[in-house]
Amino acid sequence: MKLKYIATVAFAVAMASCNILDKEPSDSWDSGSAIQTIDDLKYAVNGVYESQTSSIDKGKNPFGSYAGDFGLFGDLKGSDYKCVGYNNQATDISQYKATATSSMPENIYKRFYLSIARINKILEQIAASGLSGEEVEVCKGELYALRALFHFDLARVYAQLPTVANKKGQLEASDMGIVLSTQTYNETFVPKRATLKETYEAILADIKTALDIMTPITGLGSGKPDTRNPNTSKGHMNYWSTLALRARVNLYLDNLNIGGTTEHNEQALKDAEEIINSNKYKLYNLADYTSVWTKEFTDESIFEIQVTSLYNPQRNSLGYYTSPEGYAEAAMSDSFVSEFIGEESSYKYKNTDIRVSADMIAKKADSYGDNEAYYTQKYPGRDGQIYVNNPKVFRLSEIYLIAAEAALKTNNNPKAAKYIDDLRLHRIEGYVEGSTTDVTIDDILTERRLELNGEGHMAWDMWRNEKSVNNPKVGEVKPGADNAVFPIPQTNINVAHGTLKQNPGF
């Protein structure tokens, strides 16, 4: 494919923030004049989001998006989910079957680099178009934020985590990152992997660029009040979701010297608290928790990607993977059930925690009585369509958990306990405020498993804290294990003439 998905100059139109717009795809426009108006720019930006919801390659490839198997990646690799069905759609992930020539590594790699290529082309055309003004700046800011997000998630899949590669507070030149795509490339481009340090410095640089653009637009830091409603940017990255991204990234960097600082936990806490204290978003109430999953853009939603009946991954969607009537590739593992739900469970709140109630984790089978297991109920679909579920990329619960972890790692246990206490107050019936006064990292990781299960975090959360996962299929997978990452697709290795190095073990 000659690395077309890194070098491509094509970008497609998709959806506006609240509906699908009919318009000729922008990759059919003349490349020299594709973006001439602000509407052209908005359509092009929407195309970046669409690239993470539905099929690529003209409808032939539904794999690898946030709205599908990638959205479950960290769970499928971890301890808490298991494959029940026999369709083998995501077993490259959940059963560690990925090889350099198998389909899933290729599909995720291709989709994310295509998304980044679209971003680079749009940024190039903004510069050439002469367009200016606040609307243009808003688009530029979210493009840089998206590029940082996509590079970060590529790094989580195809490179070891920084805290795992850490050698006495530093990363070495031999620690491989990913190919960084920061401009448009022609067909002769031959990629090579940046170091892991360079990879994360590039991610942080794009986040800084995005925030530098977004801050004066929101009025923050300029002496003006922020009068913008986050709901005006539904389905789009904004200032707050970019802060959430920076908080998440910094949690992965811990005390490493990246970007000229080692104070990553301090920055993660600062960003998380800015989001929490802004009061732009609210934790779900206990009474609402079971119903929010059928809705879009609810109180906790900092950034979710809109999925519709026209733009979705079909059977390779979050809903189809987590249903016994679908592929049944993502059910709760026996160990999760034993720990939190079953009769043998010693979990203190198993009868009062809404997150492990039958409304949220239900024992089900298909209409033939097959595929029986416990399944998350976070992806029931909308309007009777199981394919249509918005992936909640950032929500406020995670920000509370980031704040708790970052506070603990900066030796502020009372503050860490307070954030866990606040979250439990909204999740556990009869919970008495102030009951949690001390927490450990294991307590916080357990809370993340309860709150964020099915949202793609578990294995990475464990590994970045130097803890193993116990995968139902392959057993213990230690942090830094060769199979903790995906291989670089062999097709890319082949065309790179020796410059693109493969991950060890593949």
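This part takes up the overall build of the chain. The helix and strand inventory of the chain stands at 17 helices and eight strands. The C-alpha radius of gyration computed for the chain amounts to 22 Å, which stays within 12% of the reference 23 Å derived for 506 residues, consistent with globular compactness. Along the first, second and third principal axes, the C-alpha set of the chain runs to 65 × 55 × 50 Å. For the chain, the residues scored as buried account for 60% of the 506 residues in total. Counting only contacts in the chain whose residues sit at least 6 apart along the sequence, the fraction spanning at least 24 positions is 73%. Accessible surface, the chain: about 19,500 Å² in total, of which carbon and sulfur atoms supply 45%. On the chain, the mean spot of the 53 positive side-chain charges and the mean spot of the 66 negative ones are 3 Å from each other.

Packed helices, taken two at a time, are described by the angle their axes make and the gap between the axes. Where helix α9 (residues 239-253) contacts helix α10 (residues 264-278), the two axes come as close as 8 Å, and the packing angle between them is 150°. On the basis of their axis angle, the class for α9 and α10 is roughly antiparallel. Our pair here, α9 against α10, has a crossing hand that is left-handed. Here Y239, W240, L243, A244, R246, A247, N250, L251 and L253 of α9 come into contact with α10, specifically with H264, N265, Q267, A268, D271, A272, E274, I275 and S278. When grouped by side-chain class, the residues that make up the contact of α9 with α10 number 10 nonpolar, five polar and three charged.

Right, let's get into the confidence of the model for the chain. Of the residues in the chain, 91% reach a pLDDT of 70 or more, and the chain-wide mean stands at 90. Low pLDDT, under 50, characterises residues 1-32; the stretch is placed with 86 contacts to residues that sit more than four places away or in other chains.

The subject of this paragraph is the packing of aromatic side chains. Under the criterion given, the structure shown has 28 aromatic pairs. Centroid distance Y109 to Y158: 5.0 Å. Interplanar angle 80°. Geometry classified as edge-to-face. Note that Y109 is positioned in helix α5 (residues 103-129) and Y158 in helix α6 (residues 134-158), a separation of 49 residues in sequence. The burial state of Y109 is the same as that of Y158; both residues are buried. Judged by centre distance (5.9 Å) and plane angle (65°), the rings of Y349 and Y431 are edge-to-face. Here Y349 is found in the loop between α12 (334-340) and β4 (361-364), whereas its partner Y431 is found in the loop between α14 (413-425) and α15 (441-452), with 82 residues between them in sequence. Ring pairs connect the aromatic residues Y66, F70, F73, Y109, F112, Y113, F150, Y158, W460 and F486, which therefore count as one cluster. Here the basic side chain of K77 rests over the ring of Y96, its NZ or CZ set 3.8 Å away from the ring centre. Above the ring of Y252, the side-chain terminus of R464 is found at 5.2 Å from the ring centroid.

Turning our eyes to something else, we now look at the pattern of salt bridges. Taken as a whole, this structure holds 32 salt bridges when the rule is applied. Of the charged contacts, one joins E137 and K140 as a salt bridge, the two residues approaching to 3.5 Å between their closest N and O atoms. Of this pair, E137 and K140 both sit in helix α6, separated by three residues, roughly a single helical turn. Given the relative accessible area of 27%, E137 is considered partly exposed. Owing to a relative accessible area of 23%, K140 belongs among the partly exposed residues under this scheme.

Relative to the 36 Å expected for 25 residues at 1.5 Å per residue, α6 spans 36 Å between its end C-alpha atoms, a close match to the ideal helical length. Judged by how many residues are buried, α6 sits mostly within the fold: 20 of 25 residues are covered.

Along the chain, H264 falls in helix α10. In this structure H264 comes out as buried when scored by relative accessible area, which is 1%. Excluding residues that lie within four positions of it along the chain, H264 makes contacts with L204, N250, L253, D254, L256 and I258.

Take the environment of I122 next. Among the secondary structure elements, I122 is positioned in helix α5. Taking the C-alpha atoms as reference, I122 lies 9.6 Å from V48; in sequence the two are 74 residues apart.

For helix α8 (residues 196-218), with 23 residues, the first-to-last C-alpha span of 33 Å sits near the 33 Å given by 1.5 Å per residue. After α8 finishes, the residue G219 shows a positive phi value of roughly 90°.

Quick look at the side chain of N390 now. With respect to the element layout, N390 can be found in the loop between β5 (373-376) and β6 (392-395). Classification of N390 by relative accessible area gives buried; the value is 5%. Reaching out from N390, the side chain makes a polar contact with the backbone nitrogen of V307 at a distance of 2.8 Å. In this structure, N390 is in contact with E296, F297, E304, I305, Q306, V307 and R382, ignoring residues within four places of it in sequence.

As for its placement among the helices and strands, W293 is situated in the loop between α10 and β2 (301-304). Assessed through its relative accessible area of 5%, W293 is described here as buried. It is 32 Å that separates the C-alpha atoms of W293 and H264, two residues lying 29 residues apart in sequence. In this structure the side chain of W293 is engaged in a polar contact, spanning 2.8 Å, whose partner is the backbone oxygen of Y289.

Definitions and cut-offs
- Residues numbered from 1 in each chain as written.
- Predicted model: local features only at pLDDT ≥ 70, side-chain atom pairs only at ≥ 80, totals over all residues.
- Heavy atoms only, no water.
- Helix = DSSP H or I, 4+ residues; strand = E, 2+ residues; numbered from the N terminus.
- Rg over C-alpha atoms; globule rule 2.2 N^0.38 Å.
- Buried < 20%, exposed > 50% of the residue type's maximum accessible area, 1.4 Å probe, protein only.
- Contact = heavy atoms within 4.5 Å.
- Areas by Shrake-Rupley, 256 points an atom, 1.4 Å probe, with all protein chains shown as cover.
- Lys, Arg positive; Asp, Glu negative; His and termini not counted.
- Charge placed at Lys NZ, Arg CZ, Asp CG, Glu CD.
- Axes fitted to C-alpha atoms, helices over the stretch in contact; angles between N-to-C directions.
- Parallel < 35°, antiparallel > 145°, perpendicular 65-115°, else oblique.
- Left-handed = near helix turned anticlockwise from the far one by under 90°.
- Nonpolar A, V, L, I, M, F, W, Y, C, P; charged D, E, K, R; others polar.
- pLDDT = per-residue confidence, 0-100.
- Phe/Tyr/Trp six-rings, centres within 6.5 Å; stacked < 30°, edge-to-face > 60°.
- Lys NZ or Arg CZ within 6 Å of the ring centre and 35° of its normal.
- Salt bridge = Lys/Arg side-chain N within 4 Å of Asp/Glu carboxyl O.
- Expected span 1.5 Å × (residues − 1).
- Polar contact = N/O pair within 3.5 Å; in protein donor to acceptor, adjacent residues only side chain to side chain.

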